[in-house]
Amino acid sequence: MSNIRSSFKSQGTATSESDRDTYKLRGLMPAVVESLEKQVARAFEQLRSKSSDLEKYIFLAWLRNTNTRLFYKMVMSSPEELMPLIYTPTVGAACVNYSHIYPFLAPNGSFDGLFISIDDIPVLDQLIENYKNALPDSTLTPDISVITDGSRILGLGDLGVGGMGIPVGKLQLYVAAAGLDPRKTLPICLDFGTNNQKNLEDPLYLGLRRKRPEGDEFHQAVDSVLATLNKAFPKMLIQFEDFSSEHAFELLERHRNRYLSFNDDIQGTGAVILSGFINAVREVGIPAKQHKLLFFGAGSAGVGVAKQIMDYFVLEHGMTEEEAKKLFWLNDSKGLVTHDRGDKLAQHKVYFAREDNEGQQYKSLKETIEHVRPTALIGLSSQGGVFDEEVLKLLSEINERPIVFPLSNPATQAECSFEQAMIHTKGKVLFASGTAFPRYVDEHKQEHVPGQGNNMYIFPGLGLGAILSRPSRITDTIIYASAAALADSLTEDERKSHLLYPRIDRIREVSAVVAAAVCRQAVKENLATEPWILSILPSGASTEVGSPAWEELLKYVETNMWEPSYKAIN
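Definitions and cut-offs
- Residues numbered from 1 in each chain as written.
- Predicted model: local features only at pLDDT ≥ 70, side-chain atom pairs only at ≥ 80, totals over all residues.
- Heavy atoms only, no water.
- Pairing = 2+ DSSP bridges.
- Helix = DSSP H or I, 4+ residues; strand = E, 2+ residues; numbered from the N terminus.
- Axes fitted to C-alpha atoms, helices over the stretch in contact; angles between N-to-C directions.
- Contact = heavy atoms within 4.5 Å.
- Phe/Tyr/Trp six-rings, centres within 6.5 Å; stacked < 30°, edge-to-face > 60°.
- Buried < 20%, exposed > 50% of the residue type's maximum accessible area, 1.4 Å probe, protein only.
- Lys NZ or Arg CZ within 6 Å of the ring centre and 35° of its normal.
- Core = buried A, V, L, I, M, F, W, Y, C linked by side-chain atoms within 4.5 Å.
- Parallel < 35°, antiparallel > 145°, perpendicular 65-115°, else oblique.
- Nonpolar A, V, L, I, M, F, W, Y, C, P; charged D, E, K, R; others polar.

The next thing to look at is the sheet that holds strand β1 (residues 114-117). Sheet architecture is open: five strands sit in the order β1-β3-β2-β4-β5, paired in parallel fashion. Looking along the sheet, the strands with just one partner apiece sit at the ends: β1 and β5 (261-263). On average, adjacent strands in this sheet sit at an angle of 20° to one another, irrespective of strand direction. Pairing analysis gives four bridges linking β1 to strand β3 (residues 185-191), with the strands arranged parallel. Counted as the bridge partner of L114 is I188 from β3. Here helix α11 (residues 215-232) sits on the sheet in contact with β1, β2 (144-148), β3 and β4 (237-240), set at roughly 160° to β3. Here helix α12 (residues 245-255) sits on the sheet in contact with β4 and β5, set at roughly 160° to β5.

Strand order in the open sheet made by the seven strands is β8-β7-β6-β9-β10-β11-β14, with mixed pairing throughout. The outermost strands of the open sheet, each flanked by one partner alone, are β8 (335-336) and β14 (451-452). By the bridge criterion, four bridges tie strand β9 (residues 376-379) to strand β10 (residues 403-406) in an arrangement that is parallel. Bridge pairing in β10 places L377 opposite V404. Packed on one face of the sheet, helix α17 (residues 365-372) meets β6 (293-296), β7 (328-332), β8 and β9 and runs near 170° to β6.

Turning our attention to the packing of aromatic side chains. In total, this model carries 24 aromatic pairs according to the counting rule given. Ring geometry for F418 versus F431: centroids 5.0 Å apart, planes at 50°, classification tilted. Taken together, the positions of F418 in helix α19 (residues 418-424) and F431 in strand β11 (residues 430-433) put the pair 13 residues apart, joining distant regions of the chain. Pair check on accessibility: F418 and F431 agree, each one buried. Here the basic side chain of K325 rests over the ring of Y351, its NZ or CZ set 4.3 Å away from the ring centre. Geometry around W329 places R354 over its ring, the cationic atom sitting 3.9 Å from the centre.

A few words on the nonpolar core. Ranked by internal contacts, the top residues of the largest apolar core, which has 164 residues, are F277, I309, F313 and F328. Among the elements that line this core, the one with the most residues is helix α23 (residues 507-524), at 11 residues. Setting aside chain neighbours within four positions, we find F277 in contact with H291, L293, I309, Y312, F313, A376, I403 and F405. With 25 residues, the next largest nonpolar core counts L294, L336, V391 and F418 among its residues.

Their axes nearest at 10 Å, the elements α17 and helix α18 (residues 389-398) cross at an angle of 5°. Of the possible angle classes, the one that applies to α17 and α18 is roughly parallel. Facing L365, K366, I369 and E370 of α17, the residues of α18 in contact are E390, V391, L394, L395 and I398. Of the residues that constitute the contact of α17 with α18, the class distribution is six nonpolar, no polar and three charged.

Keep in mind these numbers describe shape, not what the thing actually does.
Here is the structure:
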């Protein structure tokens, strides 16, 4: 009886008459047997009756934990409406309020994921056993885990245990966008304390009430967690998410060759923005080597994006690393990042620090723009509205088609909105944001669609490709292959509409292409270990898009994507 009542087995009013008899459910629900589509219509009616996005988030979380397949059928039937509700921007409010809404997110004894307190380090094996015992099907093991410590959530800072909303949301997108089996996903929040005084003083806060560890204590704890996870699930892909900037880089470098892992803030963000930039360069028509990129925001995401885009100039345009690096400028809260600025630069900023400023320091964004005269302005600062009218008009004066990517999440932290960018550049802007913005209708009643450089265009396909090919590690060139595949995935109609990213309703199709490109690159680098992939892509076979080997690979990827449908209960 407990099995039939699990969220994955549950079919609600779609339960067949024979299953109602077998599992003694007749009379415990209305007599009508409905289709999944009818249930979806009813669920949408309830969802749209909610007065706020946070209430919608809570309703959807309840639905996911009571009828998993109905939930994913909803998301996949209307991704443009629901993905902003289950992830950015709504997930930001959910994380802030997590301790206050948690009981409504995990009804009837369900659980969001695995909470690992730093006090649990000595008993990690027991935590893993507890997790396994709580699963509805003990024969399944997780293919992927998204792990955070809640120390740098979106643009909201240290939210402690409230950060669990991020792994939960990311893994929902893995399922909806790339067809991972929801039963084989593992969200993890490392509860190592919080430095957020508001959390510490909140009587309802659910996390540890202590300051975070630093240095060796932090890394030793994470090392123990990862080693235990690897022992229990040796093939599992690990995605690091929303760690503080310093720890994000440290963890990536420390573990990327130990475990199958990547950091979405650094590599995923970099890849998706690289893809949009590739298409923007194609649209602008200026030779790639003549571009100048100014980054406003020099944290882990900003530097990660810059390094990823650098690969484009090196791999596609034959530039040396030093030549490509000269096309990048970073601007942080103190101004243009230079070697002689007078302050001690964080280690991750040193690589792009300028030496050609001739002793001149540029303190404001406007001063830096006037000095650099960039073709592209990329924001990862979490400073809402900093790309103001003056900045946007200045860019428009410098460039016929200015590239403006305000990438900070959530919407309140975005450097500018799509409407502002369109108005102040007189419609000339090539725009991509990190969060969703509404379409803009100009004075001629023409509708313009904003680009959204959302990581969900990359990480679901990247993760699926890694799971299917099982490379020994994820290299920078595998990340690059995912970005290039995304850039090339635009349809002719999307290119004619001047879009930088595919339409969101094609997300599963796009994820399949990205996953196939990841598999192909893993084989090319002799890193793939999955026999099926190696048999599909034999040595020496042509794997260009459209070739028989590519089509077979793409078909293999698509057949391994989970679909939410009702079948006989077993």
